[in-house]
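For reference, the chains in residue letters:
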Amino acid sequence: MLEKLLIGLRVLLAAFLVVVAARPDGYTVSRSIEMAAPPAIVFAQVNDVHTWDAWSPWAKLDPNQKTTFGGAESGTGATDAWEGNDDVGAGRMTIEDSSPDAKVKIKLELLKPFPSNADTSFAFEAAGPGTKATWTMEATEAADAGTP
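Residues numbered from 1 in each chain as written. Predicted model: local features only at pLDDT ≥ 70, side-chain atom pairs only at ≥ 80, totals over all residues. Heavy atoms only, no water.

(A) Seen up close, the side chain of T136. Secondary-structure assignment places T136 in strand 7 (residues 130-140). Within the local environment of T136, its side chain forms a polar contact with the side chain of S30, the two groups lying 3.0 Å apart. When neighbours within four sequence positions are excluded, T136 is seen to be in contact with T28, V29, S30, D119, T120 and S121. (Helix = DSSP H or I, 4+ residues; strand = E, 2+ residues; numbered from the N terminus. Polar contact = N/O pair within 3.5 Å; in protein donor to acceptor, adjacent residues only side chain to side chain. Contact = heavy atoms within 4.5 Å.)

Now the structure itself:
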């Protein structure tokens, strides 16, 4: 009986290891929304990190978070670092690429409550009189392993 139990445990362990080994090394999450504003207006709100508190859902989680801006005023090179309560943690983002009315690419570095790095982008395209905005976040296990 004990021998059968040990064999069963070994089979379960082997199955578990196969499932873990088959998991992807990273993730990609993407969401889209259509807005009744032209791409230039939507792009300007994302391209300027100083405006994020007005529309970002994270800002509402801790209205007392401390935010520090650096680099360029907007667009490529603009940075935003924050430190807040347990809901928002601490981190920084840097706009790495910016194409007027089309896209904004951001390097996101989360520092607290757990270190994590991800590539984030916003893409904008005309949708009738408005804009379809698509947010995408991607990370691999290596990129998500912590801060540089």
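(B) Examining the nonpolar core more closely. Membership of the largest hydrophobic core comes to 19 residues, with the highest contact counts inside it found for W52, M93, V104, I106 and F124. Those elements giving two or more residues to this core turn out to be helix 2 (39-47), strand 4 (90-99), strand 5 (103-112), strand 6 (116-127) and strand 7. Apart from the residues within four sequence positions on either side, V104 is in contact with F43, V46, N47, I95, D97, S98, T120, S121, F122 and F124. (Core = buried A, V, L, I, M, F, W, Y, C linked by side-chain atoms within 4.5 Å. Buried < 20%, exposed > 50% of the residue type's maximum accessible area, 1.4 Å probe, protein only.)

(C) The arrangement of the layout of surface pockets in detail. Quantified by volume, the largest pocket comes out at close to 980 Å³. Surrounding the largest pocket, 35 residues form its lining, W52, S56, P57, W58 and W135 being those nearest its centre. Of the residues belonging to the lining of the largest pocket, the class tally is 23 nonpolar, 7 polar and 5 charged. (1 Å grid on protein atoms, 1.4 Å probe; cavity = no way out; pocket = protein on both sides within 12 Å on 5 of 7 lines; lining within 4 Å. Points joined across faces, edges and corners; volume = space filled by probe spheres on them. Nonpolar A, V, L, I, M, F, W, Y, C, P; charged D, E, K, R; others polar.)

(D) Just the packing of aromatic side chains, in detail. A complete count under the given rule lists 4 aromatic pairs for this structure. With a centroid separation of 6.1 Å and an interplanar angle of 85°, the aromatic rings of F43 and F124 are classed as edge-to-face. With F43 in helix 2 and F124 in strand 6, this pair connects stretches of sequence that are 81 residues apart. Just as F43 is buried, F124 falls in that class too. On the numbers, 6.2 Å between centres and 90° between planes, the contact of W55 with F122 is edge-to-face. In this pair, W55 sits in helix 3 (residues 52-55) while F122 sits in strand 6, placing the two residues 67 residues apart along the sequence. By relative accessible area, F122 is classed as buried at 10%. The structure contains a cluster of three or more aromatic residues connected by ring pairs, namely W52, W55 and F122. (Phe/Tyr/Trp six-rings, centres within 6.5 Å; stacked < 30°, edge-to-face > 60°.)

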